[in-house]
Amino acid sequence: MNNNDEIKRRDAEQEAIVRALDAKKRKRVLIKIIIWVVAALVILTALWLVLKNCSGSGEKPSYSYDPLAEDHGEGFFEQSLDYDIFEDEIYADKDIGVWFDDGNTEEYFLPEDREDASYQGKLFIDYFNAAIHGDGKTLNTLFTDEYFENYGTPIKKYPDRFPMQKIYYIHVKKLGASRTENTVEGTMIYEQYKVSFIIKDNNGKFRPDLPEEESSIPLIYDVITLQGESKINRISEIVYNK
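First, a word on scope: everything that follows refers to the structure included in this document. Computed from a predicted model, the values in this text were never measured in an experiment.

## Side note on the overall build of the protein chain
Thinking step 1. The number of helices and strands found in the protein chain is five helices and six strands.
Thinking step 2. Along the protein chain, helices and strands appear, N-terminal first, in the series α-α-β-β-α-α-α-β-β-β-β.
Thinking step 3. Going through the 242 residues of the protein chain one by one, you find that 33% of them count as buried.
Thinking step 4. Split by element, the accessible area of the protein chain, about 16000 Å² in all, is 54% carbon and sulfur.

Following this line, the structure appears as structure tokens:
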């Protein structure tokens, strides 16, 4: 073997060694990259779990406001189940109609005007008519199942009968725009309404958070309308900015 052949052999061996070293280097770099990626994923997962636990279980559900679930103390008027509130001449002269504002026009409805109202208007006419007459059986049909389930914090249904309520000065006002969603059952309409009213001689069986005469604490009613029927899906307090 001459010198040229020997030089070529050595160059080939050195080139092979260099290629082998480069391959090992690339492999080590690739392994490091994989380790870094896995470590980053582990850290991100751990952070997500910490944040999730700190905030409960992700997004907190919006529970319905249930005044009957709270202790509002005493001071309510004594009233028997059979007492007819319309025997009170002062209350009999009160305005018990529903002032209903759908965002475009405001209409006034008495129970006998029900057929002339929209689906949402019918809901509130029935709601207040049932409350005034202490008709819990009808009142319970005006809520969705989700309202009573209340994200695992159940709301008790009204008894079939409870003392009549001297409700008057009823105002229902739609807030903002509607939202629609296409479902298997049809188009579902979501709306919010600001609802206020006064209870004379409050007996505490419907809104015990209104203990004083001439007081009104408005609430927000979430209403769902589907297949020509409107129901209350949630009730919430109004949060005022301080």
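## Describing the packing of aromatic side chains
Any pair of aromatic rings gets described here by the distance separating the centres and the angle formed by the planes.
Thinking step 1. Scanning the entire structure with this criterion turns up 20 aromatic pairs.
Thinking step 2. With a centroid separation of 4.7 Å and an interplanar angle of 50 degrees, the aromatic rings of Trp-99 and Tyr-108 are classed as tilted.
Thinking step 3. Exposure remark for Trp-99: the relative accessible area of 30% places this residue in the partly exposed category.
Thinking step 4. Tyr-108 gets classed as partly exposed once you look at its relative accessible area, which sits at 31%.
Thinking step 5. Note on Phe-143 and Tyr-147: the rings are 4.3 Å apart at their centroids and 25 degrees apart in plane angle, and the pair reads as stacked. In this structure, Phe-143 and Tyr-147 share a single accessibility class: buried.
Thinking step 6. For the cation-ring pair, Lys-157 lies above Phe-148, with the distance from its terminal atom to the ring centre recorded as 5.1 Å.

## Quick look at the nonpolar core
When a protein is soluble and globular, its nonpolar side chains tend to lie buried together.
Thinking step 1. In terms of nonpolar packing, the biggest core is built from 40 residues, with Phe-124, Phe-128, Phe-197 and Phe-206 touching the most fellow members.
Thinking step 2. Only β1 (98-101), α3 (119-132), α5 (145-149), β3 (166-183), β4 (186-200), β5 (219-226) and β6 (229-237) provide two or more residues apiece to this core.
Thinking step 3. No other element matches the eight residues that α3 contributes to this core.
Thinking step 4. Once residues within four sequence positions are removed from consideration, Phe-206 is found in contact with Pro-67, Leu-68, Tyr-127, Ala-131, Leu-139, Tyr-158, Phe-162, Gln-165, Ile-167, Phe-197 and Ile-199.

Definitions and cut-offs
Residues numbered from 1 in each chain as written. Predicted model: local features only at pLDDT ≥ 70, side-chain atom pairs only at ≥ 80, totals over all residues. Heavy atoms only, no water. Helix = DSSP H or I, 4+ residues; strand = E, 2+ residues; numbered from the N terminus. Buried < 20%, exposed > 50% of the residue type's maximum accessible area, 1.4 Å probe, protein only. Areas by Shrake-Rupley, 256 points an atom, 1.4 Å probe, with all protein chains shown as cover. Phe/Tyr/Trp six-rings, centres within 6.5 Å; stacked < 30°, edge-to-face > 60°. Lys NZ or Arg CZ within 6 Å of the ring centre and 35° of its normal. Core = buried A, V, L, I, M, F, W, Y, C linked by side-chain atoms within 4.5 Å. Contact = heavy atoms within 4.5 Å.

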